[in-house]
Number of protein chains: 2
Amino acid sequence: MSFSPLVDRLLEALRVLPGVGPKTAQRMALHLLERDRDGGRRLAGVLAQALEEVGYCRRCRTLTEEDMCALCTSPRRDDGVLCVVESPADMLAIEDAGGYRGHYFVLHGHLSPLDGIGPEDIGLDQLDVRLDEGGVEEVILATNPTVEGEATAHYIAEQLRERGMRLSRLAYGVPMGGELEYVDGGTLSRAFNGRLPFRGE
Amino acid sequence: MSFSPLVDRLLEALRVLPGVGPKTAQRMALHLLERDRDGGRRLAGVLAQALEEVGYCRRCRTLTEEDMCALCTSPRRDDGVLCVVESPADMLAIEDAGGYRGHYFVLHGHLSPLDGIGPEDIGLDQLDVRLDEGGVEEVILATNPTVEGEATAHYIAEQLRERGMRLSRLAYGVPMGGELEYVDGGTLSRAFNGRLPFRGE
Ligand SMILES: [Zn+2]
Ligand SMILES: [Zn+2]
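What counts, and at which threshold
Residues numbered from 1 in each chain as written. Chains lettered and ligands numbered in written order. Predicted model: local features only at pLDDT ≥ 70, side-chain atom pairs only at ≥ 80, totals over all residues. Heavy atoms only, no water. 1 Å grid on protein atoms, 1.4 Å probe; cavity = no way out; pocket = protein on both sides within 12 Å on 5 of 7 lines; lining within 4 Å. Points joined across faces, edges and corners; volume = space filled by probe spheres on them. Helix = DSSP H or I, 4+ residues; strand = E, 2+ residues; numbered from the N terminus. Nonpolar A, V, L, I, M, F, W, Y, C, P; charged D, E, K, R; others polar. UniProt positions renumbered as here; feature names shortened; annotations may be inferred. Buried < 20%, exposed > 50% of the residue type's maximum accessible area, 1.4 Å probe, protein only. Polar contact = N/O pair within 3.5 Å; in protein donor to acceptor, adjacent residues only side chain to side chain. Contact = heavy atoms within 4.5 Å. Pairing = 2+ DSSP bridges. Right-handed = clockwise from strand over helix to strand, strands pointing away. Donors = N, O, S within 2.8 Å, 3.2 Å for Na, K, Ca; no water. Tetrahedral: all angles 85-135°; square planar, octahedral: opposite > 155°, others 65-115°. Domains from an automatic or database assignment. Buried area = accessible area lost by both parts, 1.4 Å probe. Salt bridge = Lys/Arg side-chain N within 4 Å of Asp/Glu carboxyl O. Axes fitted to C-alpha atoms, helices over the stretch in contact; angles between N-to-C directions.

Asks: What exactly am I supposed to notice about the layout of surface pockets here?
Replies: Of the volumes computed, that of the largest pocket is approximately 530 Å³. In this structure, the largest pocket is lined by 23 residues; those nearest its centre are Thr-143, Pro-145, Leu-170, Ala-171 and Tyr-172 of chain B. Counting only elements with at least two residues in the lining of the largest pocket, the list comes to helix H4 (88-97) and helix H7 (185-193) of chain B. At four residues, H4 of chain B tops the list of elements feeding residues into the lining of the largest pocket. Tallied by class, the residues present in the lining of the largest pocket amount to eleven nonpolar, seven polar and five charged. Approximately 430 Å³ is the volume attributed to the second largest pocket. Lining the second largest pocket are 20 residues, with Asn-144, Pro-145, Ala-171, Tyr-172 and Gly-173 of chain A positioned closest to its centre. Those elements that provide at least two residues to the lining of the second largest pocket are helix H4 (88-97) and helix H7 (185-193) of chain A. Classifying every residue of the lining of the second largest pocket gives ten nonpolar, five polar and five charged.

Dropping the structure here:
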């Protein structure tokens, strides 16, 4: 039961948001209708505008409403390093972690032949154009540590081999702060294989 | 750091939703932009329409885009009982609990003289009109069990006294399934004062 057909449609529409079930949708709808109509109108307007205008950066394919994103045009990034990620969320996570000062290239997915997702669908033709610009000395293949992410990294590595630039992959290992007993077996065996000389300080 | 001014504005706008902090807003924005633009457009459209068209039912003041809500026009409700609640959310909670078959009247708040919220701001003039229709034999004052809710219930009771209809208030007590040690003192003492003869079955 709800109040009216239109409120029901609003409850339904709110459920496109990740993590929003019926109860949360109800709380959100009532909050906007009862307490913050201005905020709700702003949200509706900005959301419509963003869905209309936000596309991909011409150079790195991250989300932006501009021709080129702020990061691609920044003079303060290291032009010699390019980090290839599957999604803008991965790019944000790396930026939030801090430390990396190079550029990015966003695939918006990974190769998936069975789903008909090939090299051009993840922008690899654009990646070629990007690298033809010159200046990139190292490409970090930071696709997800999943079967599909690995396969995509290997495919890209193969394509880039003739360019002779340095290729790297994020280090695998046990996550910092984690307890060994909760780390999955695949991660643990990779951490063993990639073990480093112990440096006491 | 984010992607672009417009995406930043979207992250900001999403935070009008209750319970949505920076991380959740980012997950929502990326989900809509990367994976469900159609769902996002539908949400923007329905939200704008609801904020434009949803007002108060002429008879019970719940949220509806119609002149009168589905519940007020239903032939299957008990016309003799009217339950006064502070918000549409309270009305929904009572409906979800099941069992109540009467009608409602929604105040959209409570009396708060210090904030300049008087009887007309919570629709008490409309409540008079509603009761003038006749047929109501009992008014259940189901305002919140807070200081303001109590004061509002007492004020309304005073206003309705001359009408000679039955007035009631929800029973206070320990919540079902709760453990006594976690029940606050005020609730506990009210539960003692309102104790009932024990009926073994
Ligand atoms: Zn860019
Ligand atoms: Zn109504």
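Asks: Sorry, what's going on with the UniProt feature "zinc finger region: C4-type" (unreviewed entry) in chain A here?
Replies: Under the feature "zinc finger region: C4-type" (unreviewed entry), the UniProt entry names residues 57-72 of chain A. Taken as a whole, residues 57-72 of chain A contains 0% helix and 12% strand, while its terminal C-alpha atoms sit 8 Å from one another.

Asks: Even after reading the chapter, I still don't get the side chain of Arg-59 of chain B, so can you show me in this structure?
Replies: All names here are of chain B. Considering the arrangement of structural elements, one finds Arg-59 in the loop between strand S1 (55-56) and strand S2 (63-64). On the basis of relative accessible area, Arg-59 is assigned to the buried category, the value being 16%. Polar contacts involving the side chain of Arg-59 include one to the main-chain carbonyl oxygen of Cys-72, which spans 3.2 Å. Discounting chain neighbours no more than four positions away, the residues touching Arg-59 are Met-68, Cys-72, His-103, Phe-105, Arg-130 and Glu-133.

Asks: Would you explain the pairing of strand S5 (residues 138-141) of chain B in this entry?
Replies: Looking down a regular strand, the side chains alternate between one sheet face and the other. Residue and element names in this part refer to chain B. The alternating pattern of S5 places Glu-138 and Ile-140 on one face and Val-139 and Leu-141 on the opposite face, and all of these are buried. Both strand S3 (residues 81-85) and S5 contribute to a ladder of four bridges, which runs parallel. Bridge pairing links Cys-83 to Ile-140 in S5. When S5 meets strand S6 (residues 166-169), the two strands line up parallel, connected through four bridges. Following the sheet pairing, Ile-140 is matched in S6 by Ser-168. Between the parallel pair S5 and S6, the chain is carried across by helix H6 (residues 147-160), and the sense of this crossover is right-handed.

Asks: It is not clear to me how the coordination of the zinc ion (ligand 1) should be interpreted in this structure. Could you clarify?
Replies: Geometry sets the ideal angles at a metal, namely 109.5 degrees for four tetrahedral donors and 90 or 180 degrees for six octahedral donors. Residue and element names in this part refer to chain A. Bound to the zinc ion (ligand 1) on the protein side are Cys-57 (SG), Cys-60 (SG), Cys-69 (SG) and Cys-72 (SG), at distances that span 2.3 to 2.4 Å. Counting gaps between the donor residues of the zinc ion (ligand 1) yields the pattern C-x2-C-x8-C-x2-C. Of this pair, Cys-60 sits in the loop between strand S1 (55-56) and strand S2 (63-64) while Cys-72 sits in the loop between S2 and strand S3 (81-85), and the two are twelve residues apart along the sequence.

Asks: Which parts of the structure should I look at to understand the coordination of the zinc ion (ligand 2)?
Replies: All names here are of chain B. Coordination of the zinc ion (ligand 2) by the protein involves Cys-57 (SG), Cys-60 (SG), Cys-69 (SG) and Cys-72 (SG), with metal-donor separations of 2.3 to 2.4 Å. If you look at the zinc ion (ligand 2), its four donor atoms make angles of 105 to 119 degrees with each other, and the shape they trace is tetrahedral. Sequence spacing among the residues donating to the zinc ion (ligand 2) works out to C-x2-C-x8-C-x2-C.

Asks: For this particular structure, what's the right way to read the domain arrangement of chain A?
Replies: You'll often see interface size given as the accessible area lost when the parts meet. Domain annotation of chain A identifies domain 1 (5-53) and domain 2 (76-197). Its C-alpha centre places domain 1 of chain A at a distance of 35 Å from the equivalent point of domain 2 of chain A.

Asks: Just checking my understanding: could you explain the interface of chain A and chain B for this structure?
Replies: At the junction of the two partners, chain A supplies 56 residues and chain B supplies 56 residues. Across the interface of chain A and chain B, roughly 5200 Å² is buried in total on both sides, 71% from carbon and sulfur atoms. A salt bridge links Lys-23 of chain B to Asp-96 of chain A; the nearest nitrogen and oxygen atoms lie 3.7 Å apart. Summed over the shared surface of chain A and chain B, the number is 14 residue pairs in polar contact (both at pLDDT 80 or more). At the level of secondary structure, the elements contributing two or more residues to the side of chain A that touches chain B comprise helix H1 (5-14), helix H2 (22-35), helix H3 (37-53), S2 and H4 of chain A. Broken down by element, the side of chain A that touches chain B gets its largest block of residues, 14 residues, from H3 of chain A. Looking at side-chain class alone, the side of chain A that touches chain B contains 33 nonpolar, ten polar and 13 charged residues.

Asks: Sorry if this is basic, but what is going on with the pattern of salt bridges here?
Replies: Pairs may arise between side chains of opposite charge once their charged atoms sit close together. Summed over all chains, the structure comprises 22 salt bridges over all chains. Among the salt bridges present, the one from Arg-130 of chain B reaches Glu-133 of chain B, with a minimum N-O distance of 3.4 Å. The class of Arg-130 of chain B is buried, set by a relative accessible area of 2%. Taking relative accessible area as the criterion, Glu-133 of chain B reaches 45% and is therefore assigned partly exposed. Overlapping salt bridges bring together Arg-59, Arg-130 and Glu-133 of chain A as one network.

Asks: Explanation requested: the UniProt feature "domain: Toprim" (unreviewed entry) in chain A in the structure shown.
Replies: Under the present numbering, the feature "domain: Toprim" (unreviewed entry) in UniProt falls on residues 80-175 of chain A. Along residues 80-175 of chain A one finds 34% helix and 18% strand; the C-alpha atoms at either end are 28 Å apart.

Asks: What am I meant to see in the sheet that holds S5 of chain B here?
Replies: Picture the strands of a sheet paired through backbone hydrogen bonds; they go either parallel or antiparallel. Residue and element names in this part refer to chain B. The parallel open sheet is built from four strands, whose spatial order is S4-S3-S5-S6. Edge positions in the sheet fall to strand S4 (103-106) and S6, since each of these pairs with one other strand and no more. Averaged over all neighbouring strand pairs, the angle between strand axes comes to 25 degrees, with direction disregarded. Running over the sheet, H4 touches S3 and S4 and is turned about 160 degrees from S4.

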